[in-house]
Amino acid sequence: MLALGLVLNTLGIGLFCWLIFALAVYALPFFVALSVGMSAFRDGAGVFGALLIGIVSGALTLAAGQLALAVSRSLTLRVAIATVFALPAAIAGYHLVFALSQIGVPSLAWREAFACAGAACIAGTAWARLTLPARTRPSESAGVVENTPRPVLTAATHER
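Every value quoted in this text rests on a predicted model; they were computed, and no experiment measured them.

Asker: It is not clear to me how the packing of helix α1 (residues 2-22) against helix α5 (residues 108-131) should be interpreted in this structure. Could you clarify?
Answerer: How two helices sit against one another is set out by the angle between their axes and by the gap between those axes. As a packed pair, α1 and α5 sit with axes 9 Å apart at the nearest point and diverge in direction by 50°. If you check the angle between α1 and α5, you find them oblique. Contacts from Ile20, Phe21 and Ala22 in α1 reach Cys121, Ile122, Thr125 and Arg129 in α5.

Structure representation (C-alpha cells):
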C-alpha cells in the first residue's frame, strides 16, 4: 500500500508540474480575464455577465497576442510581446513554488530561493514557447510532393 501511495504521489506531482509548464503561456490572458471579470461584477454586470465578459476579454487577449506574434517581423517586437506574456507567468510561478515549498521547507531563505528559481524556470518556459519559431516537419512541406505513393503490386503483376 505504501508503494502504491508513493507511485501515485510521484505521478500526481509530475502531472502537476507538466500542467504548470504547459499553461504558463496562458497566465496573461487568465489575469486579464480575471481582472476584467471582477471589474464587471463590481460594476453590476451580475455573475453570468461578468463571467462572459471575462472569458471574452481573456480570449481576445490571447488572440491579439498570437496575432501580433504571427504578424510581426521585428525580432525586438516579438521579444517584447513574449516578455509581456512571460512576466505574469513569472509572478504565478513564484507564488506557486513559494506555496508548495511551504509544505516541506522550514527555512524562509530557502523558500524564497526555490520560489525565485521556479519563477525563472516557468517564465523562461513561457518565453521560449512564444519566441522559438515553429519548425515545419518534412511531411508538411508547402505543397511539394516528395514521395509519391507507388501502386500496390497485385498478383497479376507478379506473374509477368
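Asker: What is the right way to look at a nonpolar patch on the surface in this model?
Answerer: A surface patch of nonpolar side chains, about 590 Å² in accessible area, is lined by Met1, Leu4, Val7, Leu8 and Leu11. Position of Leu11 among the secondary structure elements: in helix α1.

Asker: Help me understand the environment of Ala82 in this model?
Answerer: Relative to the helices and strands, Ala82 resides in helix α4 (residues 75-104). Taking the C-alpha atoms as reference points, Ala82 and Trp127, 45 residues apart in sequence, are found 5.4 Å from one another.

Asker: When you look at the side chain of Ser72 in this model, what are you seeing that I'm missing?
Answerer: In this structure, Ser72 sits in the loop between α3 (46-71) and α4. Exposure remark for Ser72: the relative accessible area of 11% places this residue in the buried category.

Asker: What should I look at first to understand the packing of helix α2 (residues 27-42) against α4 in this one?
Answerer: Interhelical geometry of α2 versus α4 gives an angle of 80° and a closest axis separation of 7 Å. Relative to α4, the element α2 is oriented roughly perpendicular. Contacts between α2 and α4 involve Ala27, Leu28, Pro29 and Phe31 on the former and, on the latter, Val84, Phe85, Pro88, Ala89 and Ala92. Grouping the amino acids of the contact of α2 with α4 by side-chain chemistry returns 9 nonpolar, no polar and no charged.

Asker: When you look at the nonpolar core in this model, what are you seeing that I'm missing?
Answerer: Generally speaking, a soluble globular protein has its nonpolar side chains buried in company with each other. Core analysis: the largest hydrophobic core is formed by 13 residues, its most contacted members being Ala24, Phe85, Ala89, Ile122, Ala126 and Leu130. The set of elements that each furnish at least two residues to this core consists of α2, α4 and α5. Ranked by residue count, the leading element in this core is α4, at 4 residues. Discounting residues that sit within four places of it in the chain, Leu130 has contacts with Val25, Leu69, Arg78, Ala82 and Phe85.

Parameters and conventions
- Residues numbered from 1 in each chain as written.
- Predicted model: local features only at pLDDT ≥ 70, side-chain atom pairs only at ≥ 80, totals over all residues.
- Heavy atoms only, no water.
- Axes fitted to C-alpha atoms, helices over the stretch in contact; angles between N-to-C directions.
- Helix = DSSP H or I, 4+ residues; strand = E, 2+ residues; numbered from the N terminus.
- Parallel < 35°, antiparallel > 145°, perpendicular 65-115°, else oblique.
- Contact = heavy atoms within 4.5 Å.
- Patch = residues over 30% accessible without salt bridge, like charges linked within 9 Å, V, L, I, M, F, W, Y side chains within 5 Å.
- Areas by Shrake-Rupley, 256 points an atom, 1.4 Å probe, with all protein chains shown as cover.
- Salt bridge = Lys/Arg side-chain N within 4 Å of Asp/Glu carboxyl O.
- Buried < 20%, exposed > 50% of the residue type's maximum accessible area, 1.4 Å probe, protein only.
- Nonpolar A, V, L, I, M, F, W, Y, C, P; charged D, E, K, R; others polar.
- Core = buried A, V, L, I, M, F, W, Y, C linked by side-chain atoms within 4.5 Å.

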